[in-house]
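Listed below, chain by chain, are the residues.
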Amino acid sequence: MDVFKVAIKRRSIRCFKDVPVPYEVLKGCVEAARLAPSGGNWQVLEYLVVDDEQLLPLVFNNIRFGTRRQAAEGEALPSDQPKAYIITLVNTTLEAKTSRSKNVTFYDIGLANENIMLVAWERGVGSCPILWFDQEALKLVLVIPDNYEIGLVLALGYPDENPVLDVFCDSTSPWVDEKGERHVPKRELRDIMHRNRFT
Ligand SMILES: Cc1cc2nc3c(=O)[nH]c(=O)nc-3n(C[C@H](O)[C@H](O)[C@H](O)COP(=O)(O)O)c2cc1C
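Residues numbered from 1 in each chain as written. Predicted model: local features only at pLDDT ≥ 70, side-chain atom pairs only at ≥ 80, totals over all residues. Heavy atoms only, no water.

Describing the overall build of the protein
Inference 1: Of the regular secondary structure elements, the protein holds seven helices and seven strands.
Inference 2: Relative to its length of 199 residues, the protein is compact, with a C-alpha radius of gyration of 18 Å against a globular reference of 16 Å.
Inference 3: Seen along its three principal axes, the alpha-carbon backbone of the protein occupies a region of about 55 × 50 × 30 Å.
Inference 4: Per-residue burial over the protein gives 41% buried out of 199 residues.
Inference 5: For the protein, the share of sequence-separated contacts (at least 6 apart) that also reach a separation of at least 24 residues comes to 75%.
Inference 6: Total accessible area on the protein stands at roughly 11900 Å², and carbon and sulfur atoms take up 54% of it.
Inference 7: Between the mean site of the 24 positive side-chain charges and the mean site of the 28 negative ones, the protein shows a separation of 7 Å. (Helix = DSSP H or I, 4+ residues; strand = E, 2+ residues; numbered from the N terminus. Rg over C-alpha atoms; globule rule 2.2 N^0.38 Å. Buried < 20%, exposed > 50% of the residue type's maximum accessible area, 1.4 Å probe, protein only. Contact = heavy atoms within 4.5 Å. Areas by Shrake-Rupley, 256 points an atom, 1.4 Å probe, with all protein chains shown as cover. Lys, Arg positive; Asp, Glu negative; His and termini not counted. Charge placed at Lys NZ, Arg CZ, Asp CG, Glu CD.)

Some remarks on the environment of R14
Inference 1: Considering the arrangement of structural elements, one finds R14 in the loop between α1 (3-9) and α2 (23-34).
Inference 2: Classification of R14 by relative accessible area gives partly exposed; the value is 22%.
Inference 3: Sequence-wise, R14 and D80 are 66 residues apart; in three dimensions their C-alpha atoms are separated by 8.0 Å.

So, the environment of I86
Inference 1: Looking at the secondary structure, you find I86 in strand β2 (residues 84-91).
Inference 2: What makes I86 buried here is its relative accessible area of 0%.
Inference 3: With 66 residues separating them along the chain, I86 and L152 place their C-alpha atoms 8.4 Å apart.
Inference 4: Setting aside its immediate chain neighbours within four residues, I86 contacts L26, C29, V30, Y47, L48, V49, I116, L152, V153, L154 and L156.

Here you go:
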């Protein structure tokens, strides 16, 4: 798949097949993140790959993430849950040595994770970035040292849903139809692209 196709076809996936993601695929994703642009080339990010079956539910319990099919009690079915996570860590010891603002780290996190998501998608693996997580609980569960902060949690696995791209009407909120498919409204190109002088 060419890069354009990957970029326009990628959708956030929240329902995964009960199939593990090979470690080599995850390693390839981190390699793509390693070589992502970095403000001042300070490279303050590191990555924690979680694919241990015992640990996966412990991570899942500390993120806000709704899969499409839910068990009766409202919990996501274990089989639908992510089969791996790539957790972006900020090495705050390295970060403190830079004179840059925290915003630069946020840009680095976004750019690195886009690389990961595109490489994963190209290899048939879906993902979803998760910013709503319990920082302290996850650090405890994953034995992350004090001088590291979790920047982003990326959930991964082979997609077991086909989100539908919708034209934006009056809401940007994704919604689920009667067949259980997630619809993702996007603003149209003509409404967001400007050329030369804005007006
Ligand atoms: C910075 C950021 C944080 C996000 N956090 C969450 C999250 O905590 N939980 C979640 O289910 N999805 C999260 N998402 C996924 C968005 O909901 C998703 O990207 C959006 O609905 C558009 O869908 P698409 O990725 O398929 O284009 C996040 C996305 C971004 C960029």
